[in-house]
Amino acid sequence: MTPEQLSASEGRRDDAGLLGEGADPGVWEVFRQEKDGEAMRHAGNVRAPDRDLAMHYAREFYSRRQESVRLWVVNRAEITDLSDPDLLQPPLDRSFKKPGGYVMRDKLEIAKERAKAQGQAETKAADR
Amino acid sequence: MTTEARLPTRQLIQPDLPAFDHGGLDRATRDALAELLLTMADDEFVIGFWDSEWTGIAPMLEEDVAFSSIAQDEIGHARLLYEMLARLTDGDADRIAFGRAPHEYRHAALLDHARHDWAFSIARRWMYDTADSVRLAALTSASFKPLADVVAKIRREERYHLLHLDVWLRRLANGGDEPRRRLEASLGLLRPDAHSVFAPLHGEQILVDAGILAEPMPALARRWAAQAEHILLGELGFESAAGVGDVVSRERLEPSESFRWLWGEFTSVARLEEGVEW
């Protein structure tokens, strides 16, 4: 068989098995850093059957136009997912844990007065 | 009708090929360099168009994007080399790229085949990219600085291509019965053309003497064959793959039917109206 006799129309459907038997095109989450020193931000994800191809595809999808200086590629299966509402959204009121739960202004004024008075008392004691 | 001068369609912020002076090259060296540039540019141009044929139908969406992007890179490299050739010969890069008859292209025989199935495209591209990298390495210290500079840029992109093809070669070789069988069949079909990237050039001794090409083509071919056999025979356990066949010349009176078809595709727009600016 010469190369010219092979079907020129073979495409995605025929070659689907060629990722390798049993290969699972798993999902990899991609994080990107736009400039040195900036935080890594979630960019999106790619499907790939292994770590090497995941890296290549991340590079194609999230930095082929020089828009990133670093990528992190993480297999989704390796990510610990925590979304349990009992742990993250407790049902009882927690507003006292937020600074906005207090009216701070009056307390702050009183504290300032007290600190001032105390300071003056200490100065007089030192003068004597 | 307006008489305003038309702006060029593409205006690069930084030109990839800066202005250069070739006054220091004598006539024979310039001709030899022009021959080398034409063969390299045609190789990159033709594989770029063949592999673009996978756009939309590669094994998975991500690979579709990656493979098409690599094919585009090759056409970008061809552009650089055609532009350098055009300045060297007072020609026009677009005319050289699109204005020749099929038998005037000087691409290696390895690139005269259609893309066929995925294993064939991977086998061919792996052979071509590894051979091209040996050829580029022999030009990195070229005494003609503009060429050395362009080669340095091209090699930075080829590094990723090589990594990508290495992953795929191993994936198919170790991916079970059918992928390995298809890959081996393709390597066998390509074997007679494996060395065609290193087909002799008329002026290669002139290029070697001028300090442009580090070694003559047969020496590069042996260097590549040793590398290829190490991987195909040593690491992947194929029985015979790259081999040392007769070198197929780049000067073919009759290009393959496949290439004629591809030529029809990639020149179809340029042939619509001669000399028009896009």
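No experiment lies behind these values; they were computed from the predicted model shown.

*Asks:* Sorry, what's going on with the overall build of chain B here?
*Replies:* Scanning chain B from N- to C-terminus turns up 9 helices and 0 strands. Listed by position from the N terminus, the elements making up chain B come as α-α-α-α-α-α-α-α-α. Against the globule reference of 19 Å for 278 residues, chain B gives a C-alpha radius of gyration of 19 Å, in line with a compact fold. Summarising the internal contacts of chain B: among those between residues at least 6 apart in sequence, 74% fall at separations of at least 24.

*Asks:* Please clarify how the sheet that holds strand β3 (residues 70-75) of chain A should be interpreted in this entry.
*Replies:* Working definition: the strands of a sheet are paired by backbone hydrogen bonds and lie parallel or antiparallel to each other. All names here are of chain A. Pairing within the open sheet is antiparallel, and its 3 strands lie in the order β2-β1-β3. The strands lining the two open edges of the sheet, one partner per strand, are β2 (41-48) and β3. On average, adjacent strands in this sheet sit at an angle of 30° to one another, irrespective of strand direction. Where strand β1 (residues 26-33) and β2 come together, 7 bridges link them in antiparallel fashion. In the sheet register, R32 faces β2, and the bridge partner there is R41. Along the sheet, helix α2 (residues 51-63) contacts β1, β2 and β3; its crossing angle with β2, the most-contacted strand, is approximately 130°.

*Asks:* Would you take a moment to explain the nonpolar core for this structure?
*Replies:* A general feature of soluble globular proteins is that nonpolar side chains tend to end up buried together. Grouped together as the largest cluster of nonpolar side chains are 69 residues, with contacts concentrated most on L37, A41, L81, L85, L110, I122 and A123 of chain B. In terms of residue count, helix α1 (residues 27-52) of chain B provides more of this core than any other element does, 12 residues in total. The next biggest cluster of nonpolar side chains, apart from the first, holds 17 residues, and it includes A43 and V46 of chain A together with A58 and A71 of chain B.

*Asks:* Help me understand unusual backbone geometry, please; the structure alone is not making it clear to me.
*Replies:* Among all residues save glycine, negative phi is the norm, and among peptide bonds the norm is trans. Positive phi, normally seen in glycine, also occurs at Q66 of chain A, with a value near 60°. Owing to 6 C-beta atoms within 10 Å, Q66 of chain A belongs among the exposed residues under this scheme.

*Asks:* What's the story with helix α4 (residues 118-137) of chain B in this structure? I'm lost.
*Replies:* Counting along an α-helix, one turn takes 3.6 residues, and residues three or four places apart therefore face a common direction. The first and last C-alpha atoms of α4 of chain B sit 28 Å apart over 20 residues, in line with the 28 Å expected at 1.5 Å per residue. With 16 of 20 residues buried, α4 of chain B lies mostly within the body of the structure.

*Asks:* Please clarify how the packing of helix α2 (residues 61-89) of chain B against helix α5 (residues 145-173) of chain B should be interpreted in this entry.
*Replies:* When two helices pack together, their arrangement is given by the angle between their axes and by how far apart the axes lie. Residue and element names in this part refer to chain B. Following both chains from N to C, one finds α2 and α5 inclined at 165°, their axes separated by 11 Å at the closest point. Considering the angle they form, α2 stands roughly antiparallel to α5. The crossing of α2 and α5 is left-handed. Of α5, the residues touching α2 (which contributes A66, I70, D73, H77, L80 and M84) are P146, V150, I154, E157, H161 and H164. Here the residues of the contact of α2 with α5 are counted per class, giving 7 nonpolar, 3 polar and 2 charged.

*Asks:* What is the right way to read the pairing of β1 of chain A from this model?
*Replies:* Two faces make up the sheet, and in a regular strand the side chains alternate between them. In this structure, β1 of chain A lies alongside β3 of chain A, joined through 6 bridges in antiparallel fashion. Looking across to β3 of chain A, one finds that E29 of chain A is bridged to V74 of chain A.

*Asks:* For this particular structure, what's the right way to read the environment of F20 of chain B?
*Replies:* Structurally, the position occupied by F20 of chain B is in the segment before α1. Considered as a pair, F20 of chain B and P218 of chain B are 198 residues apart in the sequence and their alpha carbons are 30 Å apart.

*Asks:* Help me understand the confidence of the model for chain A, please; the structure alone is not making it clear to me.
*Replies:* Any region with low pLDDT has predicted coordinates that should not be read closely. Residue and element names in this part refer to chain A. Mean pLDDT over chain A stands at 80; residues scoring 70 or higher make up 79%. When pLDDT is averaged over each helix and strand of chain A, the minimum, 41, is found for helix α1 (residues 12-15) and the maximum, 96, for β3. Note that residues 1-19 has pLDDT below 50 and, in this model, 36 contacts with residues that lie over four places away or in other chains.

*Asks:* Got a minute to help me understand the packing of α2 of chain A against α2 of chain B in this structure?
*Replies:* The contact between α2 of chain A and α2 of chain B brings their axes to 9 Å, and the two run at 70°. Classified by the interaxial angle, the pair formed by α2 of chain A and α2 of chain B is roughly perpendicular. Residues H56, Y57, E60 and F61 of chain A of α2 of chain A touch α2 of chain B, and the partners they reach there are E62, V65, A66 and S69 of chain B. Counted by class, the contact of α2 of chain A with α2 of chain B contains 4 nonpolar, 2 polar and 2 charged residues.

*Asks:* Help me understand the confidence of the model for chain B, please; the structure alone is not making it clear to me.
*Replies:* Considering every residue of chain B, the mean pLDDT works out to 91; 92% of them sit at 70 or more. For this predicted complex, the interface score ipTM comes out at 0.77, alongside a pTM of 0.81.

*Asks:* I'm lost on the environment of G37 of chain A in this one. Help?
*Replies:* Residues and elements named next belong to chain A. As for its placement among the helices and strands, G37 is situated in the loop between β1 and β2. For G37, a count of 7 C-beta atoms within 10 Å corresponds to the exposed category. With 77 residues separating them along the chain, G37 and R114 place their C-alpha atoms 44 Å apart.

Criteria and thresholds
Starting afresh in each chain, residues are numbered from 1 along the sequence in its written order. Here every chain gets a letter starting at A, and every ligand a number starting at 1, in the order they are written. Thresholds applied to this predicted model are a pLDDT of at least 70 for local features of residues and 80 or more for the giving and counting of side-chain atom pairs; totals over whole chains, interfaces and linings are not thresholded and use all residues. Strands are runs of DSSP state E lasting at least 2 residues, helices are runs of H or I lasting at least 4, and numbering of each runs from the N terminus. Atoms counted for the radius of gyration: C-alpha only. Globule rule: 2.2 Å times the number of residues to the power 0.38. Here the contact rule is simple: place C-beta atoms from the backbone, and any two residues whose C-beta atoms are within 7 Å are in contact. Here, any two strands with at least 2 DSSP bridges between them count as paired. Lines are fitted to the C-alpha atoms to define the axes, a helix being fitted only along its stretch in contact, and any angle between axes, read from their N-to-C directions, falls within 0 to 180 degrees. A set of buried Ala, Val, Leu, Ile, Met, Phe, Trp, Tyr and Cys residues, joined through C-beta atoms within 7 Å, is what we mean by a nonpolar core. With C-beta atoms placed from the backbone, a residue counts as buried when 20 or more other C-beta atoms lie within 10 Å of its own, as exposed when 12 or fewer do, and as partly exposed for counts between those limits. A helix is expected to span 1.5 Å for every residue after the first. Should an angle fall under 35 degrees it is called roughly parallel, over 145 degrees roughly antiparallel, and 65 to 115 degrees roughly perpendicular, with every other angle called oblique. Crossing chirality is assigned from the near helix's rotation relative to the far helix, an anticlockwise turn below a right angle marking it left-handed and a clockwise turn marking it right-handed. In the scheme used here, Gly and all other residues not listed as nonpolar or charged are polar, with Ala, Val, Leu, Ile, Met, Phe, Trp, Tyr, Cys and Pro taken as nonpolar and Asp, Glu, Lys and Arg as charged. As a per-residue measure, pLDDT tells how confident the predictor is, with possible values from 0 to 100.

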